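The residues making up each chain are set out below.
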Amino acid sequence: MNYAMIRYILGTILKAEALLMCLPALVSLWYREGDATAFLATILAAGGVGLLLSFRKPQNTVIYAREGFVVTSLSWIVMSLVGALPFRLTGAIPHYVDAVFETVSGFTTTGASILTDVEAMGRGLLFWRSFTHWVGGMGVLVFLLAILPLAGGRSVHIMRAESPGPVVGKLVPKVRGTAKILYGIYITMTVILILLLLVGGMPLYDSAVHAFGTAGTGGFGIWGDSIAHYNSAYIDVVLSVGMVLFGVNFNIYYLLLLGKPKSILKSEELRWYLGIIAGSTLLIAWNILPRMGGMLQSLRYAFFQVASVITTTGFATADFNLWPELSRSLLLMLMLLGACAGSTGGGMKVSRFVIMLKSAKREIVRMLHPRSVHVLKFEEKPLEDNTIHNVFIYFFILILVIGASTLLISLDDMDFESTFSAVVSCTNNIGPGLGVVGPMGSYATLSYLSKLVLILDMLLGRLEIFPMLMLFAPSVWAAGRKKR
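All figures in this text were calculated on a predicted structure; none of them were measured in a lab. (Residues numbered from 1 in each chain as written. Predicted model: local features only at pLDDT ≥ 70, side-chain atom pairs only at ≥ 80, totals over all residues. Heavy atoms only, no water.)

J.: So, helix 6 (residues 96-107): which residues are in play, and what are the values?
T.: Taking 1.5 Å as the rise per residue, helix 6 with twelve residues should run 16 Å; its terminal C-alpha atoms sit 16 Å apart, in good agreement. Here helix 6 has its buried residues at Asp98, Ala99, Val100, Phe101, Glu102, Thr103, Val104, Ser105, Gly106 and Phe107. Buried residues in helix 6 make contact with helix 1 (3-20), helix 4 (65-83), helix 5 (85-90), helix 7 (123-138) and helix 21 (448-462). Once helix 6 finishes, Thr109 follows within two positions and takes phi at roughly 60°, a positive value. (Helix = DSSP H or I, 4+ residues; strand = E, 2+ residues; numbered from the N terminus. Expected span 1.5 Å × (residues − 1). Buried < 20%, exposed > 50% of the residue type's maximum accessible area, 1.4 Å probe, protein only. Contact = heavy atoms within 4.5 Å.)

Okay, here's the thing in C-alpha cells:
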C-alpha cells in the first residue's frame, strides 16, 4: 500500500475543497451575511491541513487498484466531514451528524435533506449546499485529474473507482485527457442550462443553484416546494430535458463533438433509457389524468417527475406521494433503475438492467436448447463473462445492502413504505422517497442511527459499493504492494 501517495492525494483534496469553498464565501459576502466567517474558518483549516499533508510529493507516485479505490473512498469521506463544518459553525444545522448527512447528500448528488425550513438558511450556505451537487456530479477526483498529474500514469484506477457504471472506457489514450474532455462538456452544458433558465425569468442566483442541482442530478432546491415554487411550464420543460440530458452517458456527447451521429443512434443503452422514460411518462400521464384536468398538464407533471426520479435528481413539481398507486409503484421501480453509465445520475444503471435482462433470456434459451451457443452482446460488442459476473455480483450486494439497511432503519418504527423507500432513495442517490420522506417531507425525524446508516448508503451508492467495502477489508491495508 502506497501510504505516502494516499496522504498526498488527501492533502490535495483538502486544498481543492478549500478553494471551492471560496465561491460560497464570496456569495455570503455579496449578500452581507455573517456566514462568511464560518466559510473562512473552514477554508483556513482545510487549506492548512491540506498543505501539511501534501507539502512534499512522494518519489513513488504510482498507485494500483487497491490504492485507487481506498483513496477515492477516503477522499469522499474527508470532503464530506470538512464540507459539513460551515453548516455546523453557523448553527444553521445545530447537530454535526445532521450537517454531515446534508453534506454527504450533496456530494453524492442524493438530495435527501434533514431541513424542515430550507428558506430560513442563508444564501451562501444554500449556494454551497447546491454547489456540492455540481462538484460531486462528475467527481472531484476526476476534476483533479483534469488539472494535475496525480498518480504516475495509473490514474485510471482512481477514475474507475469514482465513475459510475459497469464499464469505464477512456475517450482518449490518456486518462488526464479524458478527464479534461468530460469536465469541458460538463461545464459547457451547465452554463447553457443557466442561460436557458435566465431566459425563463429565473433570477441569476436561482438559475445557478438549480443548474448545479440539475447538472449533478442532485436535487437540492432553495424553496420548500422545490421547483413547484416557480409554477412555470417553461422552467419545468427546461429542467426536465436538462435532467434527461445529464443522465446520458457523456461518451455520447464526445461522439457528437467528433461528428459521429450514427454512432449515437447505435447506442443500445441510450435507446433503452429514452424508451423507458417515454413509456413511463405516458403511463403515468394516463394514470394521473383525472387529477390534472388535461393531457398536456398531465404530461408536463409526469415527464418532470419521471425525469427527476430515473436520473436520481430529486426535484419535484408535484407531491407524487399523493398520486395513484400505479404511478407511485412505477416511480419506485425507476428509483432502482437509475440513469446511464458514465453520466452524473445514480441508481443501478440502465446498462446493468439490460445486461441482466439479456442474461436471463439467454439462460431460458439454453434450457430449451442445451446445445445452442449464444454470445451476449451489448452496444454491438460481445460481453465478457467477467463483466456479466460483476454485474450480478453488484446487484446481489446491492440487494443485501438495501435489506440490511431496511432492517436497521425499521428500528425507528416508521411505516414500511417510508422505511424501504428511504433506503432505496439514499442507496440509489435519489433524495425523496415515499411516505414520511416524500417530496414534500424530510429525513429530519429519523434517529441518528438511521441517519448514519443512510449516510453510508449514500456513499456506497455513489461509489458503487466496492470502493467503500474495500475500506473494511484487512488485506487491503496489508503492508507491501500487490499489483492487481
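Having seen the structure, we can now continue with the description.
J.: Please set out the nonpolar core residue by residue, giving values where relevant.
T.: Of all hydrophobic cores here, the largest spans 138 residues; its most connected members are Phe250, Tyr273 and Tyr443. Ranked by residue count, the leading element in this core is helix 10 (residues 175-199), at ten residues. (Core = buried A, V, L, I, M, F, W, Y, C linked by side-chain atoms within 4.5 Å.)

J.: Report on the side chain of Ser226, specifying residues and quantitative values.
T.: By secondary structure assignment, the location of Ser226 is in the loop between helix 11 (204-215) and helix 12 (233-246). Within the structure, Ser226 has its side chain in polar contact with the backbone nitrogen of Ala316 (distance 3.2 Å). (Polar contact = N/O pair within 3.5 Å; in protein donor to acceptor, adjacent residues only side chain to side chain.)

J.: With reference to specific residues and values, describe helix 15 (residues 268-292).
T.: Count 3.6 residues to each turn of an α-helix, and residues three or four apart come out pointing the same way. Taking 1.5 Å per residue as the helical rise, helix 15 with its 25 residues ought to reach 36 Å, and the 34 Å between its terminal C-alpha atoms agrees with that figure. Along helix 15, the sharpest kink reaches roughly 40°, centred on Trp286 and followed within four residues by the proline Pro290. Regarding helix 15, the residues found buried are Glu268, Glu269, Leu270, Tyr273, Ile276, Ile277, Ser280, Thr281, Ile284, Ala285, Asn287 and Ile288. Just downstream of helix 15 lies Gly293, where phi reads positive at about 85°. (Bend = angle between axes of the 7 residues up to and from the residue.)

J.: Explain the layout of surface pockets to me, and be specific about the residues and the numbers.
T.: Here the second largest pocket defines a volume of roughly 390 Å³. Forming the walls of the second largest pocket are 26 residues, and the residues nearest its centre are Ser113, Arg129, Gly224, Pro439 and Gly441. Residues that form the lining of the second largest pocket fall into these classes: ten nonpolar, 14 polar and two charged. (1 Å grid on protein atoms, 1.4 Å probe; cavity = no way out; pocket = protein on both sides within 12 Å on 5 of 7 lines; lining within 4 Å. Points joined across faces, edges and corners; volume = space filled by probe spheres on them. Nonpolar A, V, L, I, M, F, W, Y, C, P; charged D, E, K, R; others polar.)

J.: Which residues make up the packing of aromatic side chains, and what are the values?
T.: All chains considered together, the criterion is met by 20 aromatic pairs. When the centroid spacing of 5.8 Å and the interplanar angle of 80° are considered together, the rings of Tyr31 and Tyr205 count as edge-to-face. In this pair, Tyr31 sits in the loop between helix 2 (22-30) and helix 3 (36-54) while Tyr205 sits in helix 11, placing the two residues 174 residues apart along the sequence. Judged by its relative accessible area of 10%, Tyr205 is buried. Ring geometry for Phe131 and Phe212: centres 5.3 Å apart, planes at 55°, overall tilted. (Phe/Tyr/Trp six-rings, centres within 6.5 Å; stacked < 30°, edge-to-face > 60°.)

J.: Now, about the side chain of Thr313: what can you tell me, with residues and values included?
T.: One can find Thr313 in the loop between helix 16 (295-310) and helix 17 (325-337). Those residues within four positions of Thr313 in sequence are excluded, and the remaining contacts are Thr110, Gly213, Thr217, Gly218, Gly219, Met243, Ser308 and Ile430.

J.: Could you give me a rundown of the environment of Leu53, with the residues and numbers involved?
T.: Inspection of the secondary structure puts Leu53 in helix 3. Taking the C-alpha atoms as reference, Leu53 lies 35 Å from Leu398; in sequence the two are 345 residues apart. Once you skip the residues sitting within four places of it in the chain, Leu53 turns out to touch Arg7, Tyr8, Gly11 and Leu14.

J.: Please set out the packing of helix 15 against helix 17 residue by residue, giving values where relevant.
T.: For the pair helix 15 and helix 17, interaxial distance at closest approach is 9 Å and the crossing angle is 160°. One finds that helix 15 runs roughly antiparallel with respect to helix 17. In the crossing of helix 15 with helix 17, the sense of the turn from one axis to the other is left-handed. Only Leu326, Ser327, Leu330, Leu331, Leu334 and Leu337 of helix 17 make contact with helix 15, whose side of the interface consists of Ile276, Ser280, Leu283, Ile284, Trp286, Asn287 and Ile288. Its residues assigned to classes, the contact of helix 15 with helix 17 shows ten nonpolar, three polar and no charged. (Axes fitted to C-alpha atoms, helices over the stretch in contact; angles between N-to-C directions. Parallel < 35°, antiparallel > 145°, perpendicular 65-115°, else oblique. Left-handed = near helix turned anticlockwise from the far one by under 90°.)

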